[in-house]
Amino acid sequence: MLDFETTVKTRQSIRKFLPTPMTETEIKQILTDAQNAPSACNTQPWLVHIASGETLKKLTDRIAQRFENNQFSRDFEFDQSKYTGEYEKRWREQYAHVFTTSFGIPRENREARKNVIEQNITGYGAPHVAFLFMPDIENHHVNLAADLGMYSQTFLLSLTARGFGGIPQLFFALFADDIREILGVSKDYKLLHGIAFGYPDWDAMQNKVHLGRVSIEECAVLHW
Ligand SMILES: Cc1cc2nc3c(=O)[nH]c(=O)nc-3n(C[C@H](O)[C@H](O)[C@H](O)COP(=O)(O)O)c2cc1C
């Protein structure tokens, strides 16, 4: 198992997985780790459904069909164009990183870029996807999402520390109704995002370069 510093520094979003599935014991170990995440008043408001094998195939087939026809059913808004100023600079750099550095696609090649976006459908080839749902408690979505975010990061760090990898995907949240229907989840639960996970393909170009971060001075202020 990796130490804390190595785990935090080497965790990265995996955009190509090997098809080899993890065992049920390994997945349960990740869930056990993630269950230690903190939450407001220890409410632990996460509901996690993990899809693999036939269930995942059924889901990704449906999502592919919906995506093709522009049929979306998201529970929460996400519009990156609302992120302006320094945030816009960062998301533009992230796109350049994913398309150009990771996948080697020139800016003008729209078809190849579309192909990369479509790889979200299969979770970049991951054998498992965890779908994170939260209860629909009036006026509390922000706090619930904060708890689920802590859960997600613990889940991701556990994967990295134990030799696996994952990627959180807002993309899946675009198809909340279909995912709920196929997994048999009540409409009382909202879909925040999915996490595709498994064994990273470390030979793949997409996984070789890790996106950097701005300096701590840009985001933190110390008051002595
Ligand atoms: C909530 C959340 C949703 C994300 N959704 C997607 C997604 O739908 N597709 C994708 O390729 N990456 C997605 N990402 C990955 C981010 O692009 C990535 O975390 C960020 O660029 C930093 O890179 P790193 O995770 O490799 O450090 C998401 C990340 C988070 C935290």
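For the structure itself, look to the data block above.
The rules behind each value
- Per chain, the residues get numbers from 1 upward, laid out in the order the sequence is written.
- Given that the model is predicted, a residue must reach a pLDDT of at least 70 before its local features are reported, and side-chain atom pairs must reach 80 or more before they are shown or counted; all residues, however, enter totals for whole chains, interfaces and linings.
- Note: side-chain values were computed over all heavy atoms of the structure, leaving out hydrogens and water.
- The criterion for an aromatic pair is that two Phe, Tyr or Trp rings (for Trp, the six-membered ring) have centres within 6.5 Å, with stacked assigned to planes under 30 degrees apart, edge-to-face to planes over 60 apart and tilted to the rest.
- Numbering of helices and strands runs from the N terminus; a helix is a DSSP stretch of H or I covering at least four residues, while a strand is a stretch of E covering at least two.
- To sort residues, take the accessible area from a 1.4 Å probe on protein chains only and compare it with the maximum for the residue type: under 20% means buried, over 50% means exposed, and anything in between is partly exposed.
- Given a helix with a known number of residues, its expected span is that number minus one, times 1.5 Å.
- A contact between two residues is defined here by any heavy atoms of the two lying within 4.5 Å.
- Strand pairing is assigned whenever DSSP detects at least two bridges linking the two strands.
- One speaks of a salt bridge when a side-chain nitrogen belonging to Lys or Arg is within 4 Å of a carboxyl oxygen belonging to Asp or Glu.
- Near, as used in this document, describes a residue that has one of its heavy atoms within 4 Å of the molecule or strand being considered.
- Each polar contact in these results corresponds to two N or O atoms within 3.5 Å; when the atoms are within protein, one needs to be able to donate a hydrogen and the other to accept it, and residues that are neighboring in sequence are counted only if both atoms are side-chain atoms.
- Note on areas: Shrake-Rupley with a 1.4 Å probe; residue coverage comes only from the protein chains shown.
- Basically, the charged four are Asp, Glu, Lys and Arg, the nonpolar ten are Ala, Val, Leu, Ile, Met, Phe, Trp, Tyr, Cys and Pro, and anything else, Gly included, counts as polar.
- Orientation is described by lines fitted to C-alpha atoms, with helices fitted over the stretch in contact, and by angles between N-to-C directions that extend from 0 to 180 degrees.
- By nonpolar core we mean a set of buried residues, namely Ala, Val, Leu, Ile, Met, Phe, Trp, Tyr and Cys, connected to one another through side-chain atoms within 4.5 Å.

1. Considering the packing of aromatic side chains
Moving on, step 1. Scanning all chains against the criterion turns up 12 aromatic pairs.
Moving on, step 2. Summarising the aromatic geometry, the rings of Y95 and F99 are spaced 5.9 Å apart at their centres and angled 10 degrees between planes, so their arrangement reads as stacked. Here Y95 and its partner F99 are both found in helix α4 (residues 86–102), 4 residues apart, which amounts to about one turn of the helix.
Moving on, step 3. A relative accessible area of 30% places Y95 in the partly exposed class.
Moving on, step 4. Using a relative accessible area of 6% as the deciding quantity, one classes F99 as buried.
Moving on, step 5. Clustering of aromatic rings is evident, with ring pairs tying together F67, F72, F131, F171, F172 and F175.

2. So, α4
Moving on, step 1. With 17 residues, α4 should cover 24 Å at 1.5 Å per step; its first-to-last C-alpha distance of 22 Å lies within 8% of that length.
Moving on, step 2. Where α4 is buried, its residues touch α5 (110–118).
Moving on, step 3. Among the residues trailing α4, G104 stands out with phi positive, at a value near 65 degrees.

3. Quick word on the pairing of strand β2 (residues 128–135)
Moving on, step 1. Counting buried residues in β2 gives 8 out of 8 residues, a clear majority hidden from the surface.
Moving on, step 2. Covered by surrounding structure in β2 are H128, A130, L132 and M134 together with V129, F131, F133 and P135, the residues of both alternating faces.
Moving on, step 3. Here 6 bridges tie strand β1 (residues 47–52) to β2, and the two strands are oriented antiparallel to one another. Its bridge partner being in β2, I50 is matched across the sheet by A130.
Moving on, step 4. For β2 and strand β4 (residues 189–198), the ladder comprises 8 bridges, and the chain directions are antiparallel.

4. Overview of the pattern of salt bridges
Moving on, step 1. With the rule as written, the count across this model stands at 16 salt bridges.
Moving on, step 2. One salt bridge in this structure joins R162 and D33, with 2.8 Å as the shortest N-O distance. Of the two residues, R162 is situated in the loop between α6 (141–161) and β3 (165–169) and D33 in helix α2 (residues 24–34); the sequence distance between them amounts to 129 residues.
Moving on, step 3. Exposure remark for R162: the relative accessible area of 31% places this residue in the partly exposed category.
Moving on, step 4. Note that D75 is salt-bridged to R180, the shortest N-O span being 2.9 Å. In this pair, D75 is assigned in the loop between α3 (53–68) and α4 and R180 in helix α7 (residues 176–183), connecting sequence segments 105 residues apart.
Moving on, step 5. The buried category is assigned to R180, whose relative accessible area is 2%.
Moving on, step 6. The network of salt bridges with common partners includes R62, R66, D178 and E181.

5. Details of the site of the ligand
Moving on, step 1. Around the ligand, a shell composed of 16 residues is seen, among which S13, N120, Y124, L170 and R213 lie nearest.
Moving on, step 2. One of the side-chain N or O atoms of N120 is found 2.9 Å from a nitrogen atom in the ligand.
Moving on, step 3. Here an oxygen atom of the ligand and a side-chain polar atom of R213 are 2.8 Å apart.
Moving on, step 4. Contact with the protein chains hides 72% of the accessible area of the ligand, taken as 620 Å² for the molecule alone.
Moving on, step 5. Broken down by element, the residue count for the shell around the ligand peaks at 3 residues, all from β3.
Moving on, step 6. Among the residues making up the shell around the ligand, the classes are represented as 6 nonpolar, 7 polar and 3 charged.

6. Here's the deal with the sheet that holds β1
Moving on, step 1. Read across the sheet, 4 strands follow the order β1-β2-β4-β3 without closing on themselves; strand pairing throughout is antiparallel. One side of each edge strand has no neighbouring strand; the edge strands of this open sheet are β1 and β3. Within the sheet, the average angular offset between the axes of one strand and its neighbour, ignoring direction, is 25 degrees.
Moving on, step 2. Contacts from α3 reach β1 and β2, with the element oriented near 95 degrees to β1.

7. Details of the nonpolar core
When a protein is soluble and globular, its nonpolar side chains tend to lie buried together.
Moving on, step 1. F131, F171, I179 and L183 are the most contacted members of the largest nonpolar core, which totals 30 residues.
Moving on, step 2. Listing elements by their share of this core, those giving two or more residues are α3, α4, β2, α7 and β4.
Moving on, step 3. Ignoring anything within four residues of it in the chain, the contact list for L183 reads H49, A51, T55, L59, F131 and F133.
Moving on, step 4. Counting residues in each nonpolar core, the second largest holds 19 residues, with I30, W46, F155 and F164 among its members.

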